[in-house]
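The chain contents come next:
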Amino acid sequence: MTWEPVIGLEIHVQLKTRTKMFCRCANVWGEDPNTRTCPVCLAHPGVLPVPNRRAIEWTVKLGLALGCEVAPRAVFARKNYFYPDLPKGYQISQYEQPLCGPGRFVVPGPAGDHEIGIVRAHLEEDAAKTIHVGGAAGRIHGAETSLVDFNRGGTPLVEIVSEPDLRSAEQAKRFLQLLRQTVVELGISDAEMEKGSLRCDANVSVRRAGEAGYRTKTELKNMNSFTFVARGIEAEVERQIATYEAGGEVVQETLHFDPQTGSITPLRSKEEADDYRYFPEPDLVPVAPPAELVASLAAAIPELPGARIRRLEQEIGFDLAEGLVTSGRDRLYERVEGDRRAVANVIMNQLAGAGVDTERVDPAELGRLIEARERMPRTVFDEAIGRAAEPGFSAAPYLEQQAVSDAGELEPAISAVLAAHPDQVAAYRGGKDGLLGFFVGQVMKATGGKANARVVSELVRERLGA
Amino acid sequence: MTLDTLRLTAEETAGLIERREVSPRELTGAYMRAIDERDGELHAYLHVAGEIGPGVPIAIKDCITTSGVPTTAGSRILQGYVPVFDSTVFARCRAMGLPLIGKSNMDEFAMGSSTENSAYGPSRNPWDPERVPGGSSGGSAAAVAGGLAPWALGSDTGGSIKQPAALCGLVGLRPTYGTVSRYGVIAFASSLDQVGPITRTVRDNAWLYSIIAGRDPLDSTTVDLPEQVRVPTAESLNGLRVGVPRELNEAEGIEPGVTASVQRAIALAEELGAEVGEVSLPRSVEYGLACYYLIAPAEASSNLARYDGVRYGYRAEAPADLLDLYERTRWEGFGAESRRRILLGTYALSAGYYDAFYGQAQKVRTLIGQEFAAAFERYDLLVSPTSPTVAFRIGEKAENPLAMYLSDVLTIPPNMAGLPGLNIPCGLSEGLPVGLQLIGPQFSENLLFAAGHALERAIGFDPVPERLR
Amino acid sequence: MAITREQVLHVARLARLRIPEGEVEAVQAQLGAILDAVSKVSELDLAGAEPTSHPLDLVNTWDEDISRPSLPREEALANAPDPAENAFRVPSAG
């Protein structure tokens, strides 16, 4: 009997407002420790929070992009617990009345759309950064002392909670990537997992196929890349299945996935019991987003990545469309003329593979290169691609170098390759058409990449043809 | 010239400065001499600043931050803490040139009604040093009544301005919630705390209120005043409808001498032209105290979480680990009443009890607001005693928290509804001052000042303690 | 209304207050007496009533996203009980 994973994500997005959530200290990354603090974000006695209007507007904007209802009245609440990175002894968050209520976020997949339910999206403040020193270096546990840097403390954070609507690690990763791209395009966050401006926790459980209701879930904390999210979820799903199949029970706990070893270990909890004693923040008044504001924010939302994937899929198929859109490279794609598939392929496979910044590529020059691609020696084309983002790049000098298309010049190389691979020749003649690419590749290799691949392909087919 | 600091009002002092009959240096010097003479006994101040400046000197309650001047809120946990920023109210005083005489004593974190909860020892009542000055703004009241300051700022959560003003024979305003900035005011209970003036006269009170009131961009819960503050001149109460809430005037524990003084004041109000009638606030008085002692400790338990020995203030010696640091710092740093309220508030907010306690108390609060609103449909102002008793003896209630809590039974109900209240002295009982509480609708400070001024004139109370005359 | 010893200790842990062993009973008795008094609020049936978390009915007070100077680091650390390496030092969680 098969098992079905049930996954929900909890995503934190750090907003790139100019100032922090409740004080006007600059919201910047990478400054010297404790140089971006004030009495408010150090929680000195008597200070009060004042909300950042832009952060509120951006949260509404994000909520609209996620198909959420914008609450007529949102209330900030205090979440009480002690930790050195939490200077007030409580985090200002939202609890019973979040800014953005239920929504549905459409994630295009290869076999149709997945609608992922959004439980809520709310605004809160980030904790400070604690560096553990003394004791064994670099390990979370066992350090003797910690140093607290409050620069990050109090920066605005949106927490997005999905319904447990995801059914595989792959789907979770796809959802997260699309969400990230949406956030980036709204211009509200860098959303870089490596820098921590996008963070993801996953709630994972499994159940028998067809089983109603949910089993006990565990929470996987702080996976800091898309790959780790997928691998962490996969590992936890396997662990839970193995537990049940061995006759055991999954217990509710918070877990840490170690991408180096692939192991999953329980995390020590901050508070022995999660009793956060939420209550409405008496230092703040409710937020009631005016209807005109919500309307103007809605009107300013551009065509979102999900819709663009569906549109481009018509031209180039799902995989290329998704790859282009979630990497933000479809902006270049849309501006380059020429055969759609060829353009998409070159951008996704060659430009991206060579690490070229697609934002700096001149679409007209790239279009010329792609148009002439098959007539150019492969090495020349590759070199041109590698330089396409350089200032003042021109395709012209590369276009002059024509690939070898003359049958008389190519014949000796083709003969040599066929003679060297009698088994493959036999297999091809036996019906393995796929080997054509192999022969073309060998000829390209033998000619140092100077041959016109399409001509080689035709010649090989003629030679081996019935 | 010799300055009678026991008698001079702020208004008179300003006149002396303006006419150059006294220099700022002489003025501060006079208060410093009075402090030398009497503060050893009264202990009104925790820190004497002795600033010299162009305006009328002022005493500031120690929960109000003053940049560069120690601010402890009467707590050991803030011993040695020197703020790097000014509270908005103090910044506004500074902008008017008011020099700081000193930081006045208080119950720790404003939790108390006698100043006996100060970690630095109690203040004493200038009318009788064996007795408390009230609290929590007892140091501010003792300073003004004892001639150690012409006026002062206090803060009021459950009655902490009105009650000490009553016990020391002074005028004290607890303003409408939201009219005075709380930025830099060390929080006790955020939805109730308000700063207000403690003065010798109603006119001084209105003047100081006009300096500190108004919207502050640093406090999201403040509003602009709907009208300018008027320093009162009226001496008649013609046409004023004055309601006498039965429960606030007949509550158990009100001393007969207090009732007698208040009744005389009410009779005087009628003579001045007021129409006096009875009104009822049954639930506000019956449930107000319980409601307050859930909401205030709940908010306090959260507000006081920041005192953790990490960024400032007291830290326990040689902590073994983080938990040890927190638990010992906080137990050793807080006094008994603060600990009690933190525990009570934590319990009231904790899982499983929220709805029964904090949630229910917030609904009771709605009910109290509705009862007062109904009363104000028939009356412009309400009157009652401010404190059920005159100043009690030091130590008399110190061992019984619940008895101490009853000191605020008459001031708490209007506070729960965010209403302004003015205490004016209305006579003596057993040689000690009795306070009259005037309660108005939200933003009715001008009306309170006008009525308070007219009554003050008619009553003719002498604010100088008899033993110091 | 009684509060058990376990509840007192639980709440004290949540509040990060270490009650010395000999004082737990006294704290328990005091809290019990106060809880008795404040439990009075539960006498009222207020099923339909809205809670008041604020005396004034305000909404939407906020500030523009324009930065102001932060504190110089020396001032930020001026009151720190244990400053180290330009930061606030604390013992690590045990």
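Relevant structure appears above.
Scope of this entry: the structure provided in the associated data block. (Residues numbered from 1 in each chain as written. Chains lettered and ligands numbered in written order. Predicted model: local features only at pLDDT ≥ 70, side-chain atom pairs only at ≥ 80, totals over all residues. Heavy atoms only, no water.)

Details of the overall build of chain C
Convention followed: Going along the chain from the N terminus, every DSSP run of H or I of four or more residues is numbered as a helix, and every run of E of two or more is numbered as a strand. Throughout, the radius of gyration refers to the C-alpha atoms, and the reference size of a globule is 2.2 Å times the residue count to the power 0.38.
A tally of helices and strands in chain C yields 3 helices and 2 strands. Reading chain C from its N terminus to its C terminus gives the helix and strand order α-α-α-β-β. For 94 residues, the compact-globule formula gives about 12 Å, and the C-alpha radius of gyration of chain C, at 22 Å, lies well above that figure. Over its C-alpha atoms, taken along the principal directions, chain C stretches across nearly 55 × 45 × 20 Å.

Brief notes about the interface of chain B and chain C
Convention followed: Contacts are assigned to residue pairs with any non-hydrogen atoms lying within 4.5 Å of each other. Any carboxyl oxygen of Asp or Glu that lies within 4 Å of a side-chain nitrogen of Lys or Arg is treated as forming a salt bridge with it. Side-chain atoms alone can form a polar contact between residues adjacent in sequence; in general such a contact is a pair of N or O atoms within 3.5 Å, and within protein one must be able to donate a hydrogen while the other accepts it. Residue classes follow a fixed rule: Ala, Val, Leu, Ile, Met, Phe, Trp, Tyr, Cys and Pro count as nonpolar, while Asp, Glu, Lys and Arg count as charged, and any other residue, Gly among them, counts as polar.
Facing the 62 residues of chain B at the interface are 54 residues of chain C. A salt bridge links Arg315(B) to Asp82(C); the nearest nitrogen and oxygen atoms lie 3.7 Å apart. The interface formed by chain B and chain C includes 20 residue pairs in polar contact (both at pLDDT 80 or more). At the level of secondary structure, the elements contributing two or more residues to the side of chain B that touches chain C comprise helix H9 (282-303), helix H10 (322-333), helix H11 (336-349), helix H12 (355-378) and helix H13 (401-405) of chain B. Grouping the amino acids of the side of chain B that touches chain C by side-chain chemistry returns 33 nonpolar, 15 polar and 14 charged.

Some details on the interface of chain A and chain C
Worth spelling out the cut-off: Here the quantity called buried area is the accessible surface, traced with a 1.4 Å probe, that two parts lose on coming together, added over both. DSSP calls a pair of strands paired once it identifies at least 2 bridges connecting them.
Taken together, the contact between chain A and chain C spans 48 residues of the former and 34 residues of the latter. At the boundary of chain A with chain C, total buried surface from both sides reaches about 3,500 Å², with 55% on carbon and sulfur atoms. Three residues, Arg24(A), Arg53(A) and Val285(A), lead the burial of chain A against chain C; their summed loss comes to 18% of the area buried on that side. Our enumeration of links across chain A and chain C arrives at 4 salt bridges. Arg53(A) serves as the salt-bridge partner of Glu64(C), at 3.2 Å between the closest nitrogen and oxygen. Remark: the boundary between chain A and chain C carries 20 residue pairs in polar contact (both at pLDDT 80 or more). Elements represented by at least two residues in the side of chain A that touches chain C include exactly helix H1 (53-65) and strand E7 (145-149) of chain A. With 4 residues, the single largest contributor to the side of chain A that touches chain C is E7(A). Of the pairings in the sheet, the one linking E7(A) to strand E2 (residues 87-91) of chain C comprises 4 bridges and is antiparallel in character. Directly across from Val148(A), in E2(C), lies its bridge partner Phe88(C).

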